[in-house]
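# Analysis of the macromolecular model
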Amino acid sequence: MAFPGSMEGWMKASYVVFAFFSAFFLGAIKGFLVGPIAGLILIIGNVGVILGMFPVHVVWTVYTLLKIQMFDAALKVAILIALPALFGLWLGLGIAGSVLVGVGYGFFTPLVSTFEAFRYDNDSKKFSHCIVDGTWGTIKGCCTVVRDFADVCYHSYPSYLKELRESPGSNERQRLRLIHVPGCVIVGIMGLIIEIPLFTAIAVVKSPYLLFKGWFRLLHDLISREGPFLETACVPIAGLTIFVWPLVVIASVLLAILSSIFIGLYASVIVYQERSFRRGLAYIIAMVAEFDEYTNDWLYLREGTFFPKPQYRKKMVSQTSEYSNRGNSVAGSRRSTAMEAPSMLMPSLAPSRSVRETIQEVKMVQIWGNMMRYCEMRGKELLDSNVLTSADLYEWLRGKNSNEASIVGVGLPCYSLLQTLLFSIKANSSGVLLLDDFEITYLNRPKDKLLDWFFNPVMVLKEQIRVIKLVEGEVRYLEKVVLFGINKQRLEAWDNGGLMIPDALRAAQIEGISRRMIGMIRSVSKLPTYRRKFRQVVKALVTHSLEKDAQGEALVTHSVDIDVSEKALVTHYLEKDVSGRSTRSIVSVPSDDNV
């Protein structure tokens, strides 16, 4: 009686195995066909940017080093002597990294895209997407990577150097005594000699543990239908993870070896900071112990390490790896990251979540797309109110970086962020409330330390704005300050109801909030994908401006509609059930394919 049921089970298993190997070979064929083209585009593009911008980077860096006031003459000379080695390291690692990324992206993107086609329910869609996905999209993705890399080299790097030149000198000027130069050089060389072999040995010895424990976890999930194997449609792509797991292990070992170079060179910085040759040697020994202990924790081996771990700081900073919910440990976490040992590139071997559970977590793509949509909406509102002009937009499009057109490049995102925080405070949100009832909280935010560096300060800023309880006139004044910054003429020309604050303490609080907000936006604007996304927003605003000029008074009610929709959204958000959760689930934000 059980024979038909068992036969049906064997048929399903055979179908899964056949579908997996068919998709694997089809993806491999697409990788071999598309990979060389996409890889060449990425390699030639990135290497061309590196070599083409190299002379300009040298000039910019040397000029900035000579202009800044935080270093004395001796330290500037020492850095100038070290610059050729640093630039050579940049060329070598940049070209080698471009080759590796080009080969990996060109081959594995079509392979993974083939398996992702199994998410469709319709068999015809599965078949068509298995063939089409990962072909033209891979080539477009390579072009996007080259463009973002060029933005970093041509826009972000000079913007950072300009901010460094214009920043006021530190209260304590960094000085270098000639007596410390031999110690820095000797300890740096010793760091390379000791760290590279020991890091390599630890990584190679523990790589079999990572390989077999990873396989054990994935096979356990496959047999028990847990984690990524919970949904049948995700079994093929999860099975691909088992196949490529050895490549993940190899990448982990290579990353450990690469990180040991920078960890070893950092010993020279420790000697300079601590003014002690002995503490530099202690740092070299302690980093080996830190790396061994870190890998033991990730692989669930014995706790601690048998390597000695001497103290190399006069005052050890608390090494807090987690950020507090109120954001008061963000600065401590940043300082501690400089002393943490680099990790091997390996995913957690803890029990994995299902795909359905993972989808509930907000993705960075959703946040990015939502921010840009909201910024575009606010920009259209300001254009309709004649606060922004088409000349401001064209100025940003012609400028090299955001600093050259600060009203659009910095002011508009700051104004949008301020409205988002005020909107979240008004709705009593525990996180940041964006469009479409899209809320980012500590629970659903992407688990990424890079995002934490921005999310926690934003939450602290939101709390500061909520605590000081701005009145309507102060809010309007803050809007003017964040939008126009130091442009006093434009600030005074915008009559939005905001008046100068007579109370000096209150004015200082508001100015401090505006400065912190502007600093956050300047930092975000240096990220690779930001300029490409924001350029699309500016182009949409230019189109809106042209349509507005052509239609005259047709769009005068646009800003009123936005206020009405936001009021309705706040009212809807406050309608929560007894448990305190919103009655509406988070809605994914559509975004373009090239992220």
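Just so it is clear, the model here is predicted, and its values are computed rather than measured. (Residues numbered from 1 in each chain as written. Predicted model: local features only at pLDDT ≥ 70, side-chain atom pairs only at ≥ 80, totals over all residues. Heavy atoms only, no water.)

### Here we look at the overall build of the protein chain
Per the secondary structure count, the protein chain includes 18 helices and two strands. Within the span of the protein chain, comprising 595 residues, buried residues form 43% of the whole. A sequence separation of at least 24 residues applies to 78% of the contacts in the protein chain between residues at least 6 apart. About 31500 Å² of surface is accessible on the protein chain, with carbon and sulfur atoms providing 66% of the total. (Helix = DSSP H or I, 4+ residues; strand = E, 2+ residues; numbered from the N terminus. Buried < 20%, exposed > 50% of the residue type's maximum accessible area, 1.4 Å probe, protein only. Contact = heavy atoms within 4.5 Å. Areas by Shrake-Rupley, 256 points an atom, 1.4 Å probe, with all protein chains shown as cover.)

### A look at the side chain of Ser113
Among the secondary structure elements, Ser113 is positioned in helix 2 (residues 73–116). The exposure class assigned to Ser113 is buried, which follows from its relative accessible area of 13%. Leave out the neighbours within four places in its chain, and Ser113 touches Asp133 and Gly134.

### Describing the environment of Val187
Along the chain, Val187 turns up in helix 5 (residues 180–224). Residue classification places Val187 among the buried residues on the basis of a relative accessible area of 0%. Sequence separation between Val187 and Phe277 is 90 residues; the distance between their C-alpha atoms is 7.4 Å. Residues contacting Val187, with those up to four places away along its chain left out, are Gly264, Ala267, Ser268, Val271, Phe277, Gly280 and Ile284.

### Things to note about a nonpolar patch on the surface
Taken together, Val17, Phe21, Phe25 and Phe243 make up a surface patch of nonpolar side chains, about 390 Å² in accessible area. Ranked by the residues each element gives to the nonpolar patch, the list is headed by helix 1 (residues 3–67), at three residues. In this fold, Val17 is placed in helix 1. Val17 sits in the partly exposed class, given a relative accessible area of 44%. (Patch = residues over 30% accessible without salt bridge, like charges linked within 9 Å, V, L, I, M, F, W, Y side chains within 5 Å. Salt bridge = Lys/Arg side-chain N within 4 Å of Asp/Glu carboxyl O.)

### Things to note about the packing of helix 12 (residues 406–426) against helix 16 (residues 504–524)
Packing of helix 12 against helix 16 leaves a shortest axis separation of 9 Å and a crossing angle of 115°. Where helix 12 crosses over helix 16, the handedness of that crossing is right-handed. For the pair formed by helix 12 and helix 16, the contact residues are Gly409, Val410, Pro413, Cys414, Leu417, Leu418 and Leu421 on the first element and Met517, Ile518, Ile521 and Arg522 on the second. Class assignment of the residues belonging to the contact of helix 12 with helix 16 gives a composition of nine nonpolar, one polar and one charged. (Axes fitted to C-alpha atoms, helices over the stretch in contact; angles between N-to-C directions. Left-handed = near helix turned anticlockwise from the far one by under 90°. Nonpolar A, V, L, I, M, F, W, Y, C, P; charged D, E, K, R; others polar.)

### As for the state of the cysteines
By the definition in use, this model includes zero disulfides. In this structure Cys143 is a free cysteine whose sulfur lies 6.9 Å from that of Cys142, the closest cysteine sulfur available. (Disulfide = S-S within 2.5 Å.)

### Overview of the nonpolar core
Residues Leu382, Ile465, Met517 and Phe534 are the most contacted members of the largest nonpolar core, which totals 56 residues. Elements that contribute at least two residues to this core include exactly helix 10 (364–384), helix 11 (390–398), helix 12, helix 13 (449–468), helix 14 (472–484), helix 16 and helix 17 (528–551). Sorting elements by how many residues they give to this core places helix 12 first, with 10 residues. Non-local contacts of Leu382, meaning those with residues more than four positions away in its chain, are made with Val387, Leu388, Leu412, Tyr415, Leu483 and Trp494. In terms of nonpolar packing, the next biggest core, distinct from the first, is built from 26 residues, Ile68, Ile202, Val253 and Val271 among them. (Core = buried A, V, L, I, M, F, W, Y, C linked by side-chain atoms within 4.5 Å.)

### Comments concerning the environment of Leu100
Among the structural elements, Leu100 can be located in helix 2. Taking relative accessible area as the criterion, Leu100 reaches 65% and is therefore assigned exposed. For the pair formed by Leu100 and Gly39, sequence separation is 61 residues and the distance between their alpha carbons is 9.0 Å.

### Describing the confidence of the model for the protein chain
Per-residue confidence for the protein chain gives a mean pLDDT of 77; residues scoring 70 or more make up 77%. Looking over the protein chain, one finds the lowest element-wise mean pLDDT in helix 8 (residues 330–337), namely 39, and the highest in helix 4 (residues 136–166), namely 90. Here residues 317–361 is modelled with pLDDT under 50, and outside its nearest four sequence neighbours on either side it reaches 98 contacts, counting other chains as well. A low-confidence stretch, residues 554–595 (pLDDT under 50), is modelled with 70 contacts involving residues beyond four sequence positions or located in other chains. (pLDDT = per-residue confidence, 0-100.)

### Side note on the pattern of salt bridges
Scanning the entire structure with this criterion turns up 12 salt bridges. Residue Arg313 is joined to Glu274 by a salt bridge in which the shortest nitrogen-to-oxygen separation is 3.0 Å. Pair noted here: Arg313 is in the loop between helix 7 (277–298) and helix 8 and Glu274 is in helix 6 (residues 235–274), with a separation of 39 residues, a long-range link. Residues Arg313 and Glu274 agree in their burial class; the two are buried.

### Topic: the packing of aromatic side chains
Aromatic ring pairs are defined here through the distance separating the ring centres and the angle between the ring planes. Inspection of every chain in the model, using the stated rule, returns 17 aromatic pairs. When the centroid spacing of 5.2 Å and the interplanar angle of 85° are considered together, the rings of Phe107 and Phe108 count as edge-to-face. Note on Phe108: relative accessible area 29%, which makes it partly exposed. Pairing Phe306 with Phe307 gives two aromatic rings, centres 4.5 Å apart and planes at 25°, and the pair type is stacked. Given the relative accessible area of 23%, Phe307 is considered partly exposed. An aromatic cluster is present here, built from Phe21, Phe24, Phe25 and Phe243 joined pairwise through their rings. Lying across the ring of Tyr272, Arg275 places its NZ or CZ 4.5 Å from the centre. Looking at Arg531, its charged tip hangs above the ring of Trp396, at a distance of 4.7 Å from the centre. (Phe/Tyr/Trp six-rings, centres within 6.5 Å; stacked < 30°, edge-to-face > 60°. Lys NZ or Arg CZ within 6 Å of the ring centre and 35° of its normal.)

### A closer look at the packing of helix 11 against helix 17
With their axes 10 Å apart at the nearest point, helix 11 and helix 17 run at an angle of 150° to one another. Classified by the angle their axes make, helix 11 and helix 17 are roughly antiparallel. Considering the relative orientation of helix 11 and helix 17, their crossing is left-handed. Residue-level contacts link Ser390, Leu393, Tyr394, Trp396 and Leu397 of helix 11 to Arg531, Phe534, Arg535, Val538, Leu541, Val542, Ser545 and Leu546 of helix 17. (Parallel < 35°, antiparallel > 145°, perpendicular 65-115°, else oblique.)

### Observations regarding unusual backbone geometry
One can expect most non-glycine residues to show negative phi and most peptide bonds to be in trans. The backbone of Tyr300 sits at a positive phi, close to 60°, despite the residue not being glycine. Checked against the element boundaries, Tyr300 lands in the loop between helix 7 and helix 8.

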